[in-house]
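Read off the chains here:
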Amino acid sequence: MEAKAAWQITYFDELDSTSTALKRCPDAAHGTVFVARQQTGGRGRLGRQFVSPEGGLYLSVLLRPNIPLDRLLHLTPMVAVAVRRAIHDVCGLWVQIKWINDLLWNEKKLCGILTEAVGEAVIVGIGINCSTEHFPPELQDIATSLKLVLGAAPDKDELLRALLWRLQEMDAALLLKRKDWLREYADACVTLGKTVQFVRGEQREIVFAEGIDENGALRVRDSGGKQLIVNSGEVSVRNVQKKD
Ligand code: BTN
């Protein structure tokens, strides 16, 4: 990956999804960024919708790593660290991380990250709830925004600048400083030290989240005491009794 990305930013008033739109540009250069004021078809992990009204910061960044994508499993956690740093730069707030791609404040989601491989490229999509004050009923208990947390919304242009600077820093650190970044990720990760429900497809299992491995995967222990590495799927702490 290039040491420094020269971002080429295009702004849109409305898109279906900044990530879907970038996918429609297969020849886009490394560092291409799409930013939208709102999305009508925002997408999240596991095929979910990402509700994206005006008031959020929605962007996707196309990266062309010069290493195989199967050696970039740590990318999503490192993006989470970059976003966390950017929010701190602008808002003075150190938010928490829920493995693998959510940023939280008091257990409510502030930001989601969707990393998708497209041929030899990777599209990193980031959605931050900035000034949203009212969420649809199904999200009210699980989502929040920087405005609701801080009492005032941050300047979205400033947040975008900070974010792109931190993503550039991450781009340069991707191969050489992975360990430090994953340590920071683990320190901020509220999933660790908890008994969680692990869901993959139809499979559900209660496990104890012990740590983050060198690829950003979750190290868990099952009820039989066996250690497992979880790369995909979802973990939930809701409705699970905590282990003493
Ligand atoms: C998740 O919460 O599972 C990930 C959400 C990622 C949302 C961002 S918003 C910008 C980009 N465009 C999308 O459609 N999704 C990502």
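Up top you'll find the structure we're talking about.
So, how was this worked out
- Counting from 1, residues in each chain are numbered in the order their sequence is written.
- Per-residue local features of the predicted model are confined to residues with pLDDT of at least 70, and side-chain atom pairs are confined, for both listing and counting, to 80 or more; whole-chain, interface and lining totals are unaffected and use all residues.
- For the side-chain quantities, the full set of heavy atoms in the structure was used; hydrogens and water were omitted.
- Only the contacting stretch of a helix is used when fitting its axis, a line to C-alpha atoms as for every element, and angles between N-to-C directions run 0 to 180 degrees.
- Strands here are runs of E lasting at least two residues and helices are runs of H or I lasting at least four, both read from the DSSP assignment and numbered beginning at the N terminus.
- Roughly parallel means an angle under 35 degrees; roughly antiparallel, over 145; roughly perpendicular, 65 to 115; everything else is oblique.
- The hand of a helix crossing depends on one turn: near helix anticlockwise from the far one by less than a right angle means left-handed, and clockwise means right-handed.
- Should any heavy atoms of two residues lie within 4.5 Å, those residues are counted as being in contact.
- Each residue is tested against the molecule or strand, and it is near if at least one of its non-hydrogen atoms lies within 4 Å.
- Definition of a polar contact: a pair of N or O atoms within 3.5 Å, with one able to donate and the other able to accept a hydrogen when the atoms are protein atoms, and with sequence-neighbouring residues admitted only if both atoms are side-chain atoms.
- Definitions used for this entry: grid spacing 1 Å over protein atoms alone; cavity, a set of points where a 1.4 Å probe fits but cannot get out; pocket, an open set with protein on both sides within 12 Å along at least 5 of 7 lines; lining residue, one with an atom within 4 Å of a point.
- In this scheme, a molecule is assigned to a cavity or pocket if more than half of its atoms are within 2 Å of the grid points.
- Three classes are used, and their members are as follows: Ala, Val, Leu, Ile, Met, Phe, Trp, Tyr, Cys and Pro are nonpolar, Asp, Glu, Lys and Arg are charged, and the others, Gly among them, are polar.
- When accessible area is computed with a 1.4 Å probe and restricted to protein chains, residues below 20% of their type maximum are described as buried, those above 50% as exposed, and intermediate ones as partly exposed.
- Note that the arc is defined by the directions from the helix axis to the C-beta atoms.
- By convention a nonpolar core is built from buried Ala, Val, Leu, Ile, Met, Phe, Trp, Tyr and Cys residues, the set being connected through side-chain atoms within 4.5 Å.
- Grid points are joined across faces, edges and corners, and a volume is the space filled by probe spheres set on the points.

(A) Spatial organisation of the packing of helix α2 (residues 75-91) against helix α5 (residues 178-188). Where α2 meets α5, the closest approach of the two axes is 9 Å, and the angle between their N-to-C directions is 70°. Classed by the angle they form, the pair α2 and α5 counts as roughly perpendicular. Once α2 is placed against α5, the crossing between them reads as left-handed. Of the residues in α5, those touching α2 at Pro77, Met78, Ala80, Val81, Ala82, Arg84 and Arg85 are Arg178, Trp181, Leu182, Glu184, Tyr185 and Ala188.

(B) Broad picture of the site of the ligand. By nearness alone, 20 residues border the ligand, and Ser17, Gln39, Arg43, Arg45 and Lys109 come closest of all. Threonine 18 has a polar side-chain atom sitting 3.1 Å from a nitrogen atom of the ligand. Here asparagine 101 contributes a side-chain N or O atom positioned 3.4 Å from an oxygen atom of the ligand. A molecule is said to occupy a pocket when more than half its atoms come within 2 Å of that pocket's grid points, and by this definition the ligand occupies the largest pocket. Contributing elements (two or more residues each) for the shell around the ligand: α1 (18-23), β3 (56-63), β6 (108-118) and β7 (121-129). Grouping the amino acids of the shell around the ligand by side-chain chemistry returns five nonpolar, eleven polar and four charged.

(C) Structural view of α5. Burial in α5 covers these residues: Trp181, Leu182, Tyr185 and Ala188. End-on, the buried residues of α5 take up no more than an arc of 120°, which puts them together on one face. Away from its buried face, by an angle of more than 90 degrees, α5 presents the exposed residues Lys179 and Asp187.

(D) Main features of the nonpolar core. In this structure, Leu59, Val83, Ile126, Ile128 and Leu167 are the most contacted members of the largest nonpolar core, which totals 56 residues. Ranked by residue count, the leading element in this core is α2, at ten residues. Counting nine residues, the second-largest nonpolar core is a separate cluster that includes Leu15, Ala36, Leu62 and Ala121.

(E) Looking closely at unusual backbone geometry. Cis geometry marks the peptide bond from tryptophan 99 to isoleucine 100; its omega dihedral reads 5°. In this fold, isoleucine 100 is placed in the loop between β4 (96-98) and β5 (102-105). Non-glycine residue asparagine 106 carries a positive phi angle of around 50°. With respect to the helices and strands, the residue asparagine 106 is situated in the loop between β5 and β6.

(F) A look at the layout of surface pockets. For the largest pocket, the calculated volume is near 1200 Å³. Along the wall of the largest pocket there are 48 residues; nearest its centre are Arg48, Lys98, Asp102, Lys109 and Ile142. In terms of residue class, the lining of the largest pocket is built from 19 nonpolar, 17 polar and twelve charged. Volume-wise, the second largest pocket comes out at about 410 Å³. In this structure, the second largest pocket is lined by 19 residues; those nearest its centre are Leu72, Leu73, Thr76, Ile100 and Thr115. Counting residues per element, the ones that place at least two in the lining of the second largest pocket are α2 and β6. Take the lining of the second largest pocket: its biggest share by element is five residues, from β6.

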